[in-house]
Amino acid sequence: MDVVILMGAPGAGKGTQAMRLSEFASLPHVSTGDLFRDNLKRETKLGTEAKGYMESGKLVPDALVLDMLFDRVAKPDCAEGYILDGFPRTLPQAEALEKRLAEVPDASVQVLDIEVADEVIVERASGRLLCRSCDSIKHKTFSPPRAEGVCDACGGELYQREDDRPEVVSERLAVYHEQTAPLVGYYDERGLLARVDGGRSPDDVFASLRGLYRRRRGA
Ligand code: AMP
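Let us look at the structure shown here. (Residues numbered from 1 in each chain as written. Predicted model: local features only at pLDDT ≥ 70, side-chain atom pairs only at ≥ 80, totals over all residues. Heavy atoms only, no water.)

### Observations concerning the side chain of Ser-136
Along the chain, the position of Ser-136 falls in the loop between β5 (128-131) and β6 (137-139). Judged by relative accessible area, Ser-136 falls into the buried class, the value being 14%. Leave out the neighbours within four places in its chain, and Ser-136 touches Met-19, Leu-129, Leu-130, Cys-131, Cys-151 and Ala-153. (Helix = DSSP H or I, 4+ residues; strand = E, 2+ residues; numbered from the N terminus. Buried < 20%, exposed > 50% of the residue type's maximum accessible area, 1.4 Å probe, protein only. Contact = heavy atoms within 4.5 Å.)

So, in structure tokens, the structure goes:
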């Protein structure tokens, strides 16, 4: 089982790259942010519980995230592996994943960290557009859709995330540095980490990720 973890600050390009890598590797893209947004849209109990945290840029408590994530990766489409986007985000989440994968005999984990400077993050988040139907990601300036407000991939409606407002983005960045960035060291110590420069175009970043992914698989 091949598990790929995409790490990076909010807006580093994890979602965009995870979708591309998912297609390339034929492994499902599992985004905890998308799973929460879906629960929010459907007004489930979990969605209601997660809402306040998400809107203020805080992390949803580990217990809620872990139940949701482990349910998702237990589905048959994840049997060969999966691409994680937005998980793990805390040390307890990383430890819970490690414990779970220790029970899978052929599990191989690879962590790809997309590195982007904080100034770039804020600029990217402020123009980000998301499709309500298929979760595709575009950008007002850097990757505009062919028709305004319409998803190129599925024709769905594009919208701006509530938590991409500048004041929430700064909170999300602070949370990232405090709680998530230490995981880079955690995975580096275990020899699982590779870094890519995320300040380049999406195509260039993807070329690096694809190269690293293939090298690892072929090894
Ligand atoms: P994302 O789409 O990955 O930026 O996630 C959006 C929001 O969902 C985050 O700001 C958190 O509030 C919540 N969230 C997503 N993944 C996690 C996670 N692994 N742990 C805690 N909260 C999360």
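### Concerning the site of the ligand
Close to the ligand lie 16 residues, the nearest being Thr-32, Arg-37, Lys-58, Gly-86 and Gln-93. Note that a nitrogen atom of the ligand is positioned 3.0 Å from one of the side-chain N or O atoms of Arg-89. One nitrogen or oxygen atom from the side chain of Arg-161 is found 3.0 Å from an oxygen atom belonging to the ligand. In the complex, the protein chains occlude 97% of the 480 Å² of accessible area that the ligand would expose alone. If one sorts the elements of the shell around the ligand by residue count, helix α2 (residues 32-41) sits on top with 4 residues. Across the shell around the ligand, the residue classes break down as 6 nonpolar, 4 polar and 6 charged. (Near = heavy atom within 4 Å. Polar contact = N/O pair within 3.5 Å; in protein donor to acceptor, adjacent residues only side chain to side chain. Areas by Shrake-Rupley, 256 points an atom, 1.4 Å probe, with all protein chains shown as cover. Nonpolar A, V, L, I, M, F, W, Y, C, P; charged D, E, K, R; others polar.)

### Describing the sheet that holds strand β7 (residues 158-159)
One open sheet holds the 3 strands; their spatial order is β6-β5-β7, and the pairing between them is antiparallel. The open sheet is flanked by β6 and β7, the only strands paired with a single partner. Here β5 runs beside β7; their pairing, made up of 2 bridges, is antiparallel. Bridging across to β7, Cys-131 finds its partner in Leu-158. (Pairing = 2+ DSSP bridges.)

### Regarding the pattern of salt bridges
Applying the stated rule across the entire model yields 19 salt bridges. For Arg-128, the salt bridge goes to Asp-164, with nearest N and O atoms at 2.9 Å. Note that Arg-128 is positioned in strand β5 and Asp-164 in the loop between β7 and α7 (166-180), a separation of 36 residues in sequence. Exposure class is identical for Arg-128 and Asp-164. Each is buried. A salt bridge links Asp-163 to Arg-172; the nearest nitrogen and oxygen atoms lie 3.9 Å apart. Look at Asp-163 and you get buried, because its relative accessible area is 10%. Of the residues examined, Arg-172 reaches a relative accessible area of 10% and is grouped as buried. Residues joined by salt bridges that share partners form a network here, namely Arg-128, Arg-161, Asp-163, Asp-164 and Arg-172. (Salt bridge = Lys/Arg side-chain N within 4 Å of Asp/Glu carboxyl O.)

### Comments concerning the pairing of strand β4 (residues 108-115)
The buried fraction of β4 amounts to 6 of the 8 residues, a majority that puts the element mostly inside the structure. The sheet contact formed by strand β1 (residues 2-7) and β4 spans 6 bridges and is parallel. Note that in β4 the partner of Val-4 across the bridge is Gln-110. Alignment of β4 against strand β8 (residues 193-197), held across 5 bridges, turns out to be parallel. In the strand pairing of β8, Glu-115 is matched with Asp-197.

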